[in-house]
Amino acid sequence: LGTDPITPVAAMASFPSGHAFVLGALAGAAWAFSRKLSIFLGIIAILTAIGRVSVGLHFPIDIIVGLLLGTPLGIFIWRKIHHLDFLEKAIPKLR
C-alpha cells in the first residue's frame, strides 16, 4: 500500500493472524446461539483485519487464513461444549 508499518513487521508478524483467528472463532461460536451477535463479531473481525493490513502489520493472506481457521474451530468447540449446565442457563439470557 506504500505505507510504513507502525511497528517492525518482522518482530510482530504472524501467520495466520492471531487477531483474525480469535475473532473468527468467537463469531463462529456465537453463530450457534445468536445470529445477531455472530454478525456483529464478524463485522468487528473484518474491520480489525482491514486495520491490521492497512497499517502494515499483516499481509492479506495472514488475515484470510486466520479467519478460515478460526471460524470453523469456534463452531466445532461450541458444538462440543454447548451441553454444559452453566451454558444452558446463560444462553436464554443472551438471545
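Provided above is the structure to which this section pertains.
Residues numbered from 1 in each chain as written. Predicted model: local features only at pLDDT ≥ 70, side-chain atom pairs only at ≥ 80, totals over all residues. Heavy atoms only, no water.

Caption draft 1: Up close: a nonpolar patch on the surface. Together, Trp31, Ile39, Ile43, Ile46, Leu47 and Ile50 line one region of the surface with nonpolar side chains, adding up to about 600 Å² of accessible area. Sorting elements by how many residues they give to the nonpolar patch places helix 3 (residues 35-54) first, with five residues. Secondary-structure assignment places isoleucine 50 in helix 3. What makes isoleucine 50 exposed here is its relative accessible area of 52%. (Patch = residues over 30% accessible without salt bridge, like charges linked within 9 Å, V, L, I, M, F, W, Y side chains within 5 Å. Areas by Shrake-Rupley, 256 points an atom, 1.4 Å probe, with all protein chains shown as cover. Salt bridge = Lys/Arg side-chain N within 4 Å of Asp/Glu carboxyl O. Helix = DSSP H or I, 4+ residues; strand = E, 2+ residues; numbered from the N terminus. Buried < 20%, exposed > 50% of the residue type's maximum accessible area, 1.4 Å probe, protein only.)

Caption draft 2: Representation of the nonpolar core in the model. Formed by Ala27, Ala29, Ala30, Phe33, Leu41 and Trp78, the largest nonpolar core amounts to six residues. It is helix 2 (residues 18-31) that provides the largest number of residues to this core, a total of three residues. When residues no more than four places from it in sequence are discounted, the contact partners of alanine 29 are Gly74, Ile75 and Trp78. (Core = buried A, V, L, I, M, F, W, Y, C linked by side-chain atoms within 4.5 Å. Contact = heavy atoms within 4.5 Å.)

Caption draft 3: Expanded view of the environment of arginine 52. Residue position: arginine 52 is located in helix 3. With 35 residues separating them along the chain, arginine 52 and serine 17 place their C-alpha atoms 9.2 Å apart. Contact partners of arginine 52, with chain neighbours within four places excluded, come to His19, Leu57 and His58.

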